[in-house]
Amino acid sequence: MPIPDYQTLMLPVLRLAAERETRVADVSERIGDDLGLTQAERDELLPSGRQRLLHNRIHWAKFYMSKAGLIASPVRGRFVATDKGKALLAKSPERIDVALLMQEPEFREFYRNEGAAAEENGIPAKPAQDTSAWTTPEEQIDAAYASMQAALRDELLQRILANSPAFFEQLIVDLLVAMGYGGSHKDAAAQLGRSGDGGVDGIVNEDRLGLDRIYIQAKRYAPGNAVSRPDVNGFVGSLVGLGATKGVFVTTSTFSQPARDYVKHLSQRVILIDGQELADLMIEHGVGVRSYRAVEFKRLDEDFFGEE
């Protein structure tokens, strides 16, 4: 089942905190059991891959309730329901969310300051009357990042298709060298685009010493024009004829499922790189893109404040 949003988790988190002093990890296990979450669901990560999604949402549920005075943290890494939190539970609320927390003056002050800080940085503040299930700040950041990456991938592929085949060949050279293959640009360029031999567009060294070679096939296809199994089969046949064991097939479009299934059981090692993977590699290795803004996020250093 989907993991509940952080507002939906507020009530079960407060109930568990009212039982005894606890930790996010312990609450996560209890809530996972109550919801019948599978281990895979409990281990699901944020898109950044830095934290479990369930842990993150529990953390923010706890954090916002602490700003309303419902939860306190007596020692590092542990939290417990306050008298105010227990009094709220005694009223048997059906749900605890931001709209309910807004009834507490200290939370309204925090929320107003948070909104003002967001607007100063060009981020629209969330309206107080909106009781929809908002995502946590990390999820909002990850979603915005993913959206920008998707737009950048699309723009990269459009620009590749708008340029010449020679440009595409040079792009592959730049990317492979950036990834550590082919030695220098000069060495890689001397091989790639020169072969045209039996379905192979080029050859690059796997390492700077040239101990092994990788054969390249590149197809600059428009979106929707998938590379089929016969195309890949022809490339593999060329590898066999050349006595090669490693090949990379790159396209700006996609590969059909039969083509992907075909390469899984070959004696040769053949890697298929479609348009999205190509764009992702370009972004990762700085080919055709440049950084224009870096944002650094900081967390509280618990060790700094420890007096033990």
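Please refer to the structure higher up on the page.
Quick notes on the rules
- Residues numbered from 1 in each chain as written.
- Predicted model: local features only at pLDDT ≥ 70, side-chain atom pairs only at ≥ 80, totals over all residues.
- Heavy atoms only, no water.
- Axes fitted to C-alpha atoms, helices over the stretch in contact; angles between N-to-C directions.
- Helix = DSSP H or I, 4+ residues; strand = E, 2+ residues; numbered from the N terminus.
- Parallel < 35°, antiparallel > 145°, perpendicular 65-115°, else oblique.
- Contact = heavy atoms within 4.5 Å.
- Core = buried A, V, L, I, M, F, W, Y, C linked by side-chain atoms within 4.5 Å.
- Buried < 20%, exposed > 50% of the residue type's maximum accessible area, 1.4 Å probe, protein only.
- Patch = residues over 30% accessible without salt bridge, like charges linked within 9 Å, V, L, I, M, F, W, Y side chains within 5 Å.
- Areas by Shrake-Rupley, 256 points an atom, 1.4 Å probe, with all protein chains shown as cover.
- Salt bridge = Lys/Arg side-chain N within 4 Å of Asp/Glu carboxyl O.
- Expected span 1.5 Å × (residues − 1).
- Arc of directions from axis to C-beta.

Here the focus is the packing of helix H1 (residues 10-19) against helix H4 (residues 53-67). Geometry of a packed helix pair, given as the angle between the helix axes and the separation of the axes. Axis separation between H1 and H4 bottoms out at 9 Å; the angle between their running directions is 75°. Relative to H4, H1 is oriented roughly perpendicular. Together, Met10, Val13 and Leu14 of H1 and Ile58, Ala61, Tyr64 and Met65 of H4 make up the contact between the two elements.

Moving on, we come to the nonpolar core. Among soluble globular proteins, nonpolar side chains are generally buried collectively. Ranked by size, the top nonpolar core spans 35 residues in total, and within it Val13, Leu14, Met65, Leu101 and Phe107 carry the most contacts. Among the secondary structure elements, those contributing two or more residues to this core are H1, helix H2 (24-35), H4, helix H5 (83-90), helix H6 (98-101) and helix H7 (105-120). With seven residues, the single largest contributor to this core is H4. Core analysis: the second largest hydrophobic core is formed by 20 residues, Leu176, Ile273, Leu278 and Ile283 among them.

Before going further, it helps to spend a moment on a nonpolar patch on the surface. Together, Ile141, Val295 and Phe297 give the surface a local cluster of nonpolar side chains, amounting to about 300 Å² of exposed area. Positionally, phenylalanine 297 belongs in the loop between helix H13 (275-284) and helix H14 (302-305).

Side chains that are three or four residues apart share a direction in an α-helix, a result of its 3.6 residues per turn. Helix length check: helix H11 (residues 229-242) (14 residues) gives 20 Å between terminal C-alpha atoms against 20 Å at 1.5 Å per residue, within 8%. Taken as a whole, H11 has its buried residues at Val232, Phe235, Val236, Ser238 and Leu239. Buried residues along H11 cover an arc of 150° about the axis, so they all sit on one side. Residues of H11 that are exposed and point more than 90 degrees away from the buried face comprise Pro230, Val240 and Gly241. Contacts made by the buried residues of H11 are with strand S4 (213-219), strand S5 (246-251), helix H12 (257-262) and strand S6 (269-273). In the stretch just after H11, glycine 243 is the one whose phi turns positive, near 70°.

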